[in-house]
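Spelled out, the chains give:
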Amino acid sequence: MEQKIIGIILHEVSELNEQLDHKVAIENGENAGLYGLTGVLDSLGLVTLIVAVEQAIEDELGLAISLADERAMSQKNSPFRTIGTLADYIVKVSQEEA
Amino acid sequence: MDKPVILITGTSKGIGKALVAHYVALGHHVIGCSRNAVEWKIEGAQGNYQHYIADVTDEVAVKAMFSDIRKQYGRLDHLINNAGIASMNHSMLTPLTTVHQVLGTNVVGTFLFCRESAKLMQKKRYGRIINFATVATPLKLEGEAIYAASKAAVITLTQIMAKEFGEYGITVNAIGPTPVQTDLIKSVPKDKIDSLLNRQAIKRFGQFHDISNVIDFFLKKESDFVTGQVIFLGGI
Ligand SMILES: NC(=O)c1ccc[n+]([C@@H]2O[C@H](COP(=O)([O-])OP(=O)(O)OC[C@H]3O[C@@H](n4cnc5c(N)ncnc54)[C@H](OP(=O)(O)O)[C@@H]3O)[C@@H](O)[C@H]2O)c1
């Protein structure tokens, strides 16, 4: 499932990249920085990505999940650092909601 | 261009029902919801009006509705957050269950629909959201503390969301009607209504077309520089 989720994130990031001046380095795969110290997204870009990923997860996996709850926002190690950390977080959230 | 996709909450009666008739007549794809099924029929509405039975405070039902809209249309152009309830009572006589219901429907419901709509609208970088305020807030009407306070919260949501959603091409505005003869105000004594009408610059009841007129203005493509505003009717 994690591989499928990474595929979904990569797809959504590449769509988002078309609108960005500073693009996410998707060639780095799971290590590509999204948000925070190593990331290139601003808060607006992050919101757009989270919404797009939530919708894609619902369409492709039939799971209605919320990624941006207080827990995610307040975690010391933000789940939005890289594509890999986001994928890990989605797996965790979807297992909890299942 | 394809006709707008418009979602209106609280369409089983009153202002919401009248708005459905108005936008169906304009040929828009109209979607509505309320806790009860609709008992009315609109000329020519076949196929152009789709009703969901949903409580605006029920996140699961509301999300499922938005998911349907996304699958069916791939977009949402307009949201009219009309569903609302009132409680006309002295604060000392207002039960907490009523307080929760009013805040739930008017504030939480409005927030939830704004949030879910904005998610859908931001994809196309276009959207118009209209919320419902009331003259009871600026007039600080006694006997309507919790109702007026809930709508004050709606005004604040409108103003802040206008800023948050602006970069996505989404405008957020509100309309503040004066009394309109619907079930919402039928328990208010006549002398109270009369004294309220007397405080307006134009002393008459609001009509459905007064409301759709303001909403039509907010919805216009050309109104893309109008956001975070509240238009009160009647001159208060
Ligand atoms: N009439 C006035 O004088 C006046 C003045 C100022 C502002 N307003 C505002 O205008 C809006 C419409 O009011 P109205 O006069 O048309 O009232 P209304 O005749 O009582 O109709 C209210 C509508 O909202 C729906 N509704 C209520 N709670 C709901 C919930 N939890 N979930 C889903 N739908 C719900 C009702 O349907 P169900 O019962 O089937 O759910 C009904 O269709 C409200 O926001 C109100 O505050 C009205």
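Conventions and cut-offs
- Residues numbered from 1 in each chain as written.
- Chains lettered and ligands numbered in written order.
- Predicted model: local features only at pLDDT ≥ 70, side-chain atom pairs only at ≥ 80, totals over all residues.
- Heavy atoms only, no water.
- Helix = DSSP H or I, 4+ residues; strand = E, 2+ residues; numbered from the N terminus.
- Rg over C-alpha atoms; globule rule 2.2 N^0.38 Å.
- Buried < 20%, exposed > 50% of the residue type's maximum accessible area, 1.4 Å probe, protein only.
- Pairing = 2+ DSSP bridges.
- Right-handed = clockwise from strand over helix to strand, strands pointing away.
- Arc of directions from axis to C-beta.
- Core = buried A, V, L, I, M, F, W, Y, C linked by side-chain atoms within 4.5 Å.
- Salt bridge = Lys/Arg side-chain N within 4 Å of Asp/Glu carboxyl O.
- Near = heavy atom within 4 Å.
- Polar contact = N/O pair within 3.5 Å; in protein donor to acceptor, adjacent residues only side chain to side chain.
- Areas by Shrake-Rupley, 256 points an atom, 1.4 Å probe, with all protein chains shown as cover.
- Nonpolar A, V, L, I, M, F, W, Y, C, P; charged D, E, K, R; others polar.
- Contact = heavy atoms within 4.5 Å.
- UniProt positions renumbered as here; feature names shortened; annotations may be inferred.
- Axes fitted to C-alpha atoms, helices over the stretch in contact; angles between N-to-C directions.

A. Layout of the overall build of chain B. Across its full length, chain B carries six helices and seven strands. Walking chain B from its N terminus toward its C terminus, one meets helices and strands in the order β-α-β-β-α-β-α-β-α-β-α-α-β. Scaling as 2.2 N^0.38, a compact globule of 236 residues should have a C-alpha radius of gyration of about 18 Å, and chain B matches this with 17 Å. When the 236 residues of chain B are sorted by exposure, 51% land in the buried category.

B. Expanded view of unusual backbone geometry. Residues and elements named next belong to chain B. Although it is not a glycine, arginine 125 adopts a positive phi angle of roughly 55 degrees. The phi dihedral of lysine 140 is positive, around 50 degrees, even though this residue is not glycine. By the secondary structure assignment, lysine 140 is in the loop between strand 5 (127–132) and helix 4 (145–166). The exposure class assigned to lysine 140 is exposed, which follows from its relative accessible area of 65%.

C. Region of the structure containing the pairing of strand 6 (residues 170–176) of chain B. Residues and elements named next belong to chain B. Most of strand 6 sits out of view: seven of its seven residues are buried. Note: strand 5 against strand 6, six bridges, orientation parallel. Opposite asparagine 131, over in strand 6, you have alanine 174 as the bridge partner. Taken together, strand 5, helix 4 and strand 6 form a β-α-β motif whose crossover is right-handed. With three bridges connecting them, strand 6 and strand 7 (residues 230–232) associate as parallel partners. In the sheet register, glycine 176 faces strand 7, and the bridge partner there is phenylalanine 232.

D. Quick peek at helix 5 (residues 190–198) of chain B. Every buried residue belonging to helix 5 of chain B is among B:Ile193, B:Leu196 and B:Leu197, and all of these are buried. Burial along helix 5 of chain B is one-sided: seen end-on, the buried residues are contained in an arc of 100 degrees.

E. Geometry of the nonpolar core. All names here are of chain B. Formed by 29 residues in total, the largest nonpolar core has its most connected members in Leu7, Phe113, Ile129 and Ile170. Those elements that provide at least two residues to this core are strand 1 (5–9), strand 2 (29–34), helix 2 (59–73), helix 3 (96–121), helix 4 and strand 6. Looking at this core, the element that brings in the most residues is helix 3, giving seven residues.

F. Local environment of the pattern of salt bridges. Scanning the entire structure with this criterion turns up 13 salt bridges over all chains. Where A:Glu58 meets B:Lys71, a salt bridge forms, and the shortest distance between an N and an O atom there is 3.8 Å. On the criterion of chain membership, the pair formed by A:Glu58 in helix 2 (residues 43–61) and B:Lys71 in helix 2 is interchain, its members lying in two chains. B:Lys186 is the salt-bridge partner of B:Asp183, the closest N and O atoms lying 3.9 Å from each other.

G. Region of interest: the site of the ligand. Residue and element names in this part refer to chain B. Around the ligand, the surrounding shell holds 30 residues, and the nearest of these are Ile15, Arg35, Asn82, Tyr147 and Thr182. The backbone of valine 180 places a nitrogen or oxygen atom 2.8 Å from an oxygen atom of the ligand. The protein chains hide 96% of the 890 Å² of surface that the ligand would expose on its own. Listed by contribution, the elements that provide at least two residues to the shell around the ligand are helix 1 (14–25) and helix 4. The class makeup of the residues in the shell around the ligand is 13 nonpolar, 12 polar and five charged.

H. Structural context of the side chain of B:Ser34. Residue and element names in this part refer to chain B. By the secondary structure assignment, serine 34 is in strand 2. Residue serine 34 is classed as buried on the basis of its relative accessible area of 8%. Among the polar contacts listed, one links the side chain of serine 34 to the backbone oxygen of asparagine 36, at a separation of 2.7 Å. Setting aside anything within four residues of it in sequence, one finds serine 34 in contact with Gly10, Thr11, Ser12, His51, Tyr52, Ile53 and Ala54.

I. Spotlight on the UniProt feature "domain: Carrier" (unreviewed entry) in chain A. In the UniProt entry, the feature "domain: Carrier" (unreviewed entry) is given for residues 1–94 of chain A. Between the end C-alpha atoms of residues 1–94 of chain A the distance is 10 Å, and the span holds 55% helix and 0% strand.

J. Broad picture of the sheet that holds strand 5 of chain B. Residues and elements named next belong to chain B. Strand order in the open sheet formed by seven strands is 3-2-1-4-5-6-7, with parallel pairing between adjacent strands. Strand pairing shows two members of the sheet lacking a second neighbour, strand 3 (49–53) and strand 7, which therefore form its edges. Neighbouring strand axes in the sheet, compared pairwise and without regard to direction, differ in orientation by 15 degrees on average. Contacts between helix 3 and the sheet are confined to strand 1, strand 2, strand 4 (78–81), strand 5 and strand 6, with strand 4 contributing the most and set at about 180 degrees to the helix.

K. Representation of the environment of A:Thr85 in the model. Residues and elements named next belong to chain A. As for its placement among the helices and strands, threonine 85 is situated in helix 4 (residues 83–97). With 55 residues separating them in the primary sequence, threonine 85 and glutamate 30 have C-alpha atoms 7.9 Å apart. When near neighbours in sequence (up to four residues on either side) are disregarded, threonine 85 contacts Ser78, Pro79 and Phe80. One polar contact links the side chain of threonine 85 to the main-chain amide nitrogen of arginine 81, over a distance of 3.3 Å.

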